[in-house]
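Residue-level listing of the chains:
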Amino acid sequence: MKIPILDLTRQYEAIRAEIEEGIRRVIQSGRFILGQEVEFLESEVAEFCDVKHAIGVASGTDALLLSLKALGIGPGHGVIVPSFTFFATAGAVHNVGATPIFCDINPRTYNLDPDHVRYILSTNHESCSSHHRLGIKIKAIIPVHLYGQMVDMDEIMTIASKYSVNVIEDGAQSIGAVYKNQKAGSLGHTGCFSFFPTKNLGAYGDGGMVITNDDELAERIRLLRVHGSKPKYYHRMVGYNSRLDEIQAAILRAKLPKLVQWTAVRQKVAAWYDESLGGIRNLNVPFCSDDRSHIFHQYTIRVLNGKRDALRGWMEEQGIGTEIYYPLPLHLQECFHYLGYREGDLPESERASREVLSLPMFPEITLEEVVFVTQTITRLLSGKGA
Ligand SMILES: *Cc1c(COP(=O)(O)O)cnc(C)c1O
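Residues numbered from 1 in each chain as written. Predicted model: local features only at pLDDT ≥ 70, side-chain atom pairs only at ≥ 80, totals over all residues. Heavy atoms only, no water.

Draft legend 1. Representation of the overall build of the protein chain within the structure. When its secondary structure is counted, the protein chain shows twelve helices and twelve strands. What you see for the protein chain is a C-alpha radius of gyration of 21 Å, in line with the 21 Å of a compact globule of 386 residues. The buried share of the protein chain, reckoned over its 386 residues, is 55%. Long-range contacts, defined as pairs at least 24 residues apart, comprise 71% of the intrachain contacts of the protein chain with a sequence gap of at least 6. Total accessible area computed for the protein chain in this model is approximately 16,400 Å², and 51% of it derives from carbon and sulfur atoms. (Helix = DSSP H or I, 4+ residues; strand = E, 2+ residues; numbered from the N terminus. Rg over C-alpha atoms; globule rule 2.2 N^0.38 Å. Buried < 20%, exposed > 50% of the residue type's maximum accessible area, 1.4 Å probe, protein only. Contact = heavy atoms within 4.5 Å. Areas by Shrake-Rupley, 256 points an atom, 1.4 Å probe, with all protein chains shown as cover.)

Dropping the structure here:
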């Protein structure tokens, strides 16, 4: 048996008719950029997330970049980001000319540790040595809802308001996740989604969206995605070319109505995994907090005592795809050497990068496949009941 970590062809087979109808509709309309499909998708996503505005952009990375720009963040400003996340979270901060301030994570959820956020803000970072950060004013926090589970947003919003900093939610892995009855992306000043094909709501190319309840921010982001022009050819600010295209929007509109059902199936698959893997030595199943849903963008286990890489190699031999999200925390990346972080600065991020392993997870995976995955893991770690 061969089991990939993700198989998008199965989903396509199931929704082929709707997808092809959507693509045909766009081509026949002759309108490919910022037309009806994007407009409809924006209102459908806004309704789904229970927010006033949704603005389609070219990618999740651009959703972050335009949010930062719209909030006036640039040179001289610092933005708190987790070190344990996909690169784009910090890359966007760097690319607006601001400085990423790396923060450690809670080892159970892998999300920003609110205590460390508070510590960084209370010292405006002076405590963390190194000249390059001197004189930097922290202006925002980007909590990342990693793997499909939301950050403790009450804590983050309380800290943010105490220190008057903005909050940009990176919900690229968490569209549809819920925290105390509120949807991911709807609690911060803006929320950012990615429609990269492998995300829970994936396009067939790049795409992204910003959501917000703030009218002014929404207007600025709408301008920024079209070179800052309004009306056309009259530029109030220097913006970008960052648009979601009509074909991707039509594809996403075909998929959005299925998202709730797909999420429920991911949760059922996670429960199958939990049940079989729960008692195994040297393995922790994902922790799910009571006050929030986990939508399992990834089903990520923690493998203890240095056994992760051996397990991964063994599973590969048996035909099972796995992935390490992420093998090197951002504060130790070569491109951020100039920030002066050293190994040991953010121990939980560093430990997670050595211990996490994501297993095959997609709504179309079968029980038989999950059983094969868990039996393969059990055979190597041979802990269950032992
Ligand atoms: C995927 C992802 C992004 C970037 O999204 P793109 O659409 O690929 O640009 C940003 N942050 C996180 C946490 C992601 O997983």
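Draft legend 2. The domain arrangement of the protein chain, seen in detail. Considered domain by domain, the protein chain is made up of domain 1 (8–257) and domain 2 (259–381). A C-alpha centroid distance of 24 Å is found between domain 1 and domain 2. With 52 residues of domain 1 at the contact, the number on the domain 2 side is 42 residues. Carbon and sulfur atoms make up 58% of the surface buried where domain 1 meets domain 2, a total of about 4,100 Å² over both sides. By the criterion of area lost to domain 2, the three top residues of domain 1 are R10, Y147 and N200, representing 18% of everything that side buries. Between R10 and E369 there is a salt bridge; the shortest N-O distance is 2.8 Å. On inspection of domain 1 and its partner domain 2, the count reaches 24 residue pairs in polar contact (both at pLDDT 80 or more). For the side of domain 1 that touches domain 2, the secondary-structure elements that each account for two or more residues are α1 (8–29), α4 (88–95), β3 (99–103) and β6 (178–179). By residue number, the principal contributor to the side of domain 1 that touches domain 2 is β3, which donates five residues. (Domains from an automatic or database assignment. Buried area = accessible area lost by both parts, 1.4 Å probe. Salt bridge = Lys/Arg side-chain N within 4 Å of Asp/Glu carboxyl O. Polar contact = N/O pair within 3.5 Å; in protein donor to acceptor, adjacent residues only side chain to side chain.)

Draft legend 3. Focus on helix α9 (residues 259–277). Under the 1.5 Å per step criterion, the end-to-end length of α9 is 26 Å for 19 residues, consistent within 8% with the ideal 27 Å. If you check which residues of α9 are buried, you get L259, W262, T263, V265, R266, V269, A270, Y273 and L277. When α9 is viewed along its axis, its buried side chains cluster within an angular range of 160 degrees and face the same direction. Looking at α9, the residues exposed on the side facing more than 90 degrees away from the buried face are V260, Q261 and E275. (Expected span 1.5 Å × (residues − 1). Arc of directions from axis to C-beta.)

Draft legend 4. Structural detail: a nonpolar patch on the surface. A grouping of I27, F32 and I33 is seen on the molecular surface, where their side chains present a nonpolar patch of about 270 Å² in accessible area. Tracing the backbone through its elements, the reader meets F32 in the loop between α1 and α2 (36–49). (Patch = residues over 30% accessible without salt bridge, like charges linked within 9 Å, V, L, I, M, F, W, Y side chains within 5 Å.)

Draft legend 5. The arrangement of the sheet that holds strand β10 (residues 283–284) in detail. With respect to topology, three strands assemble into an open sheet ordered β10-β11-β12, the strand pairing being antiparallel. A strand with exactly one partner marks an edge of an open sheet, and here the two such strands are β10 and β12 (356–359). Pairing of β10 with strand β11 (residues 299–303) involves two bridges; the strand directions are antiparallel. By the bridge assignment for β11, L283 is matched with V303. (Pairing = 2+ DSSP bridges.)

Draft legend 6. Up close: the site of the ligand. In the vicinity of the ligand, 15 residues are found, and the nearest of them are G60, T61, D170, S194 and K199. T61 places a side-chain nitrogen or oxygen 2.5 Å from an oxygen atom of the ligand. Measuring from a nitrogen atom of the ligand, one finds a side-chain N or O atom of D170 at 2.7 Å. Notes on the ligand: free accessible area 380 Å², of which the protein chains cover 93%. Mapped by element, the contributors of at least two residues to the shell around the ligand are α3 (60–70) and α4. Here the shell around the ligand is composed, by residue class, of five nonpolar, eight polar and two charged. (Near = heavy atom within 4 Å. Nonpolar A, V, L, I, M, F, W, Y, C, P; charged D, E, K, R; others polar.)

Draft legend 7. Representation of the environment of P329. Among the secondary structure elements, P329 is positioned in the loop between α10 (308–317) and α11 (347–355). Note on P329: relative accessible area 3%, which makes it buried. Taking the C-alpha atoms as reference, P329 lies 42 Å from Y234; in sequence the two are 95 residues apart.

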